[in-house]
Amino acid sequence: MSMSDRVGSAPKKRLKTLKAQAEEAQRTIDELRARDALKTQFLSNVSHDLRTPLAAIITHAEILRDGMLGDLNPKQRDSVSGIVSGGQQLIDMIDEILTYVRSASDQVTLTRTDFDITELVDQVRMLNQALAAKKHLTIERLNGDDLPPVYADRDKVKHVLGNLIGNAIKFTSDGGRVWIGFSRRGRDRDELVVEVGDNGRGIARDHYELVFREFAQVDASPSRPHHGTGLGLAIARNLVELHSGTIWVESELGKGSRFFFTLPLNPPRD
Amino acid sequence: MPTRILIVEDSPLVTDAFRVLFTAVGYEVDAATTVAEGIERAMSAPVDMMLLDLSLPDGNGLEILQELRKRGFLPRSTLAMTGHNDSASRRSCLEAGCADVLLKPVPIAELLRQIERHLA
């Protein structure tokens, strides 16, 4: 054995081991990615398959409720109405899961158009009016009449606004306030900041990050007063980030929360 | 002659629910579960309203419309029904000739209103 061989053999061996370890780690990562993709696909398929029989149940219940097969007495009608609204709530939750799965995977693409974001905000306010009225809440738009059009995916921005405003209503007690405001920032004021605020129960500083995590709810106990999939803010985050925007919250317990998200006003055109 | 409705939908559960509904309001109901069957049923007798599910086992429901147009057997009106109502799939339905796109489950009052409106 020559001198040079003896000197080189230990580092060479070490290099070989490292290489093997790196390959092993890469294999594990690939396997985990593949499994995660499989789980995502599974979740998407199951959600879709749950939707179909549920849609049939709701339709049958509506046929009965509306007396199309004969009159029901008031108690029967109330009971059947309960089937319809329970089914509808389930459909909404399944849709939320489907939206989350899509927003978290690579399948989602943005369809950007120029649109008036104040008009969109007013539309989402209208959609939430009934819910707010039940709790005697007001939903105001504070400003924004002079904003330029936004170039973004209108459906997805609508979803973000819907989730934020829906949450604000959910976590604000009777007689409270929900508001939407706009500001601009950045060197050329080319970033739009949208604020959805409320004077509801608020979020502790320790939970600022947690609320955007999927399936996370600050109170996850079965007896928690507010039910849901825990996906609303995770979806909002994914959809905002798809637009190269950011989302965050500022809040004080007992005083209220202010959720902010940004949208670039002049993103590169497709 | 009674209004003839063709339901193209791969779930028998959904078709059954619609069948109960449309029979109750006095429509004549026919049903198909695939693209091929949809084309065949639409050509067997004139259809007033076709309710079209988009994802069928042998293809996209819109293919039925294309084929019927080619063969000159278009229904008087067609309403597409889909599980997810994004603007891209909405546009392709309208371009293919659907009168409107409804999000499943369509509330029955809304469904009946839409059918009457598009057949008026």
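Rules of the game
Residues numbered from 1 in each chain as written. Chains lettered and ligands numbered in written order. Predicted model: local features only at pLDDT ≥ 70, side-chain atom pairs only at ≥ 80, totals over all residues. Heavy atoms only, no water. Helix = DSSP H or I, 4+ residues; strand = E, 2+ residues; numbered from the N terminus. Buried < 20%, exposed > 50% of the residue type's maximum accessible area, 1.4 Å probe, protein only. 1 Å grid on protein atoms, 1.4 Å probe; cavity = no way out; pocket = protein on both sides within 12 Å on 5 of 7 lines; lining within 4 Å. Points joined across faces, edges and corners; volume = space filled by probe spheres on them. Salt bridge = Lys/Arg side-chain N within 4 Å of Asp/Glu carboxyl O. Contact = heavy atoms within 4.5 Å. Pairing = 2+ DSSP bridges. Axes fitted to C-alpha atoms, helices over the stretch in contact; angles between N-to-C directions.

### Concerning unusual backbone geometry
Going from B:Lys104 to B:Pro105, the amide bond is cis rather than trans, its omega being -5°. Relative to the helices and strands, B:Pro105 is located in the loop between strand S7 (100–103) and helix H5 (108–119). Despite not being glycine, A:His136 has its phi angle at roughly 55°, a positive value. Tracing the backbone shows A:His136 in the loop between helix H3 (117–134) and strand S2 (138–141). Relative accessible area serves as the criterion here: at 57%, A:His136 is assigned to the exposed category. Despite not being glycine, A:Arg189 has its phi angle at roughly 50°, a positive value. Inspection of the secondary structure puts A:Arg189 in the loop between strand S4 (177–185) and strand S5 (191–198).

### Observations concerning empty space enclosed by the protein
Applying the stated criterion to the full structure yields one cavity of 30 Å³ or more. For the largest cavity, the calculated volume is near 40 Å³. Lining the largest cavity we find A:Ala55, A:Ala56, A:Thr59, B:Val14, B:Ala17, B:Phe18, B:Lys104, B:Pro105 and B:Val106.

### A closer look at the pattern of salt bridges
If the charged atoms of two oppositely charged side chains come close together, the side chains can form a pair. The full count for this structure, using the stated rule, is 26 salt bridges over all chains. A salt bridge links A:Glu62 to A:Arg65; the nearest nitrogen and oxygen atoms lie 3.6 Å apart. Placement of the pair is A:Glu62 and A:Arg65 together in helix H1 (residues 3–65), with a separation of three residues, close to one helical turn. Take A:Arg65: its relative accessible area is 24%, and that puts it in the partly exposed class. With its nearest N and O atoms 3.7 Å apart, the salt bridge here joins B:Arg4 to B:Glu28. Of this pair, B:Arg4 sits in strand S1 (residues 4–8) while B:Glu28 is found in strand S2 (residues 28–32), placing the two residues 24 residues apart along the sequence.

### What to know about helix H5 (residues 232–242) of chain A
All names here are of chain A. Most of H5 sits inside the fold, with nine of its eleven residues counted as buried. All of the buried residues in H5 are Gly-232, Leu-233, Ala-234, Ile-235, Ala-236, Arg-237, Asn-238, Leu-239 and Val-240. Residues of H5 that are buried in the fold lie against helix H2 (74–104), helix H4 (154–170), strand S6 (247–252) and strand S7 (256–264). Immediately downstream of H5, the backbone of Ser-244 shows phi near 60°, a positive value.

### Some words on the sheet that holds S5(A)
Residue and element names in this part refer to chain A. Read from one edge of the open sheet, five strands run S2-S4-S5-S7-S6, paired in mixed fashion. Sheet topology places S2 and S6 at the edges, where each strand pairs with a single neighbour. Put simply, the sheet's adjacent strands are angled 20° from each other on average, direction ignored. Direction of pairing for S2 relative to S4: parallel, over a ladder of four bridges. Looking at S4, one finds that Glu-140 is bridged to Trp-179. The sheet strands contacting H4 are S2, S4, S5, S6 and S7, and the helix crosses S5 at an angle near 25°.

### A few points about the sheet that holds strand S6 (residues 77–82) of chain B
Two orientations exist for strands paired in a sheet by backbone hydrogen bonds: parallel and antiparallel. Residues and elements named next belong to chain B. In space, the five strands of this open sheet follow the order S2-S1-S3-S6-S7, with parallel pairing throughout. Both outer strands of the open sheet, S2 and S7, are each paired with one neighbouring strand and no more. For this sheet the average axis-to-axis angle between neighbouring strands, irrespective of direction, equals 20°. Of the pairings in the sheet, the one linking S6 to S7 comprises four bridges and is parallel in character. Its bridge partner being in S7, Thr-82 is matched across the sheet by Leu-103.

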